[in-house]
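# Breakdown of the fold
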Amino acid sequence: KNFLADEARVLRAGDAAVLAKKDALEQFKKDKSQIAFARQTVFTGAADLAYVNSAYTKSDKSGKRTERGIFLQIWKLRAGRWQIVLDLFLPNGEK
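Parameters at a glance
Residues numbered from 1 in each chain as written. Predicted model: local features only at pLDDT ≥ 70, side-chain atom pairs only at ≥ 80, totals over all residues. Heavy atoms only, no water. Salt bridge = Lys/Arg side-chain N within 4 Å of Asp/Glu carboxyl O. Helix = DSSP H or I, 4+ residues; strand = E, 2+ residues; numbered from the N terminus. Buried < 20%, exposed > 50% of the residue type's maximum accessible area, 1.4 Å probe, protein only. Core = buried A, V, L, I, M, F, W, Y, C linked by side-chain atoms within 4.5 Å. Contact = heavy atoms within 4.5 Å. Pairing = 2+ DSSP bridges.

Further remarks concern the pattern of salt bridges. Under the counting rule described, the total for this entry stands at 5 salt bridges. Salt-bridge contacts for Lys29 lead to Glu26; the nearest nitrogen and oxygen are separated by 3.8 Å. Here Lys29 and its partner Glu26 are both found in helix α1 (residues 21-30), 3 residues apart, which amounts to about one turn of the helix. Exposure remark for Lys29: the relative accessible area of 55% places this residue in the exposed category. Classification of Glu26 by relative accessible area gives partly exposed; the value is 40%.

Here's what the structure looks like:
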């Protein structure tokens, strides 16, 4: 929550776009899934803009895999702090 910009956009397949930090934090609280990210991640940056993307896996409380896909985060440097302005998770249909 410390890295999420106030005007961050959060996009999840099947859900309406979330357009504010407060609403995004509420959505995150509702999702009780465990998320594991692939070890190989692509990070590309410039002076004030960067993005990271990779694969992810979501599991329920029992450890059963419920979703696999790719994610993308776009970060902006503002007042010396990196903040997420876009957070996108896109499932690929596999479990």
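Right, picking up where we left off after that structure.
Take unusual backbone geometry next. Here Ala79, not a glycine, exhibits a phi torsion of approximately 50°, which is positive. Mapped onto the elements of the fold, Ala79 is located in the loop between β5 (65-78) and β6 (81-91).

Formed by 14 residues in total, the largest nonpolar core has its most connected members in Leu4, Ala24, Phe71 and Trp75. Mapped onto this core, the elements with two or more residues apiece are β1 (4-12), β4 (49-59), β5 and β6. In terms of residues, this core owes the most to one element, β1, which gives 4 residues. Discounting residues that sit within four places of it in the chain, Phe71 has contacts with Phe37, Val52, Asn53, Ser54, Ala55, Tyr56, Leu88 and Phe89.

Turning to the pairing of β6, a few remarks are in order. Sheet faces and side chains relate simply in a regular strand, where the side chains alternate between the two faces. As paired elements, β1 and β6 share 5 bridges and run parallel to each other. Residue Leu4 lies in a different strand from β6, and its bridge partner there is Ile84. Pairing of β5 with β6, which is carried by 10 bridges, proceeds in the antiparallel orientation. For Gly69, the partnering residue across the bridge sits in β6 and is Pro91. Hairpin connection of β5 to β6: 2 residues between the antiparallel strands, including Ala79 at a positive phi of 50°.

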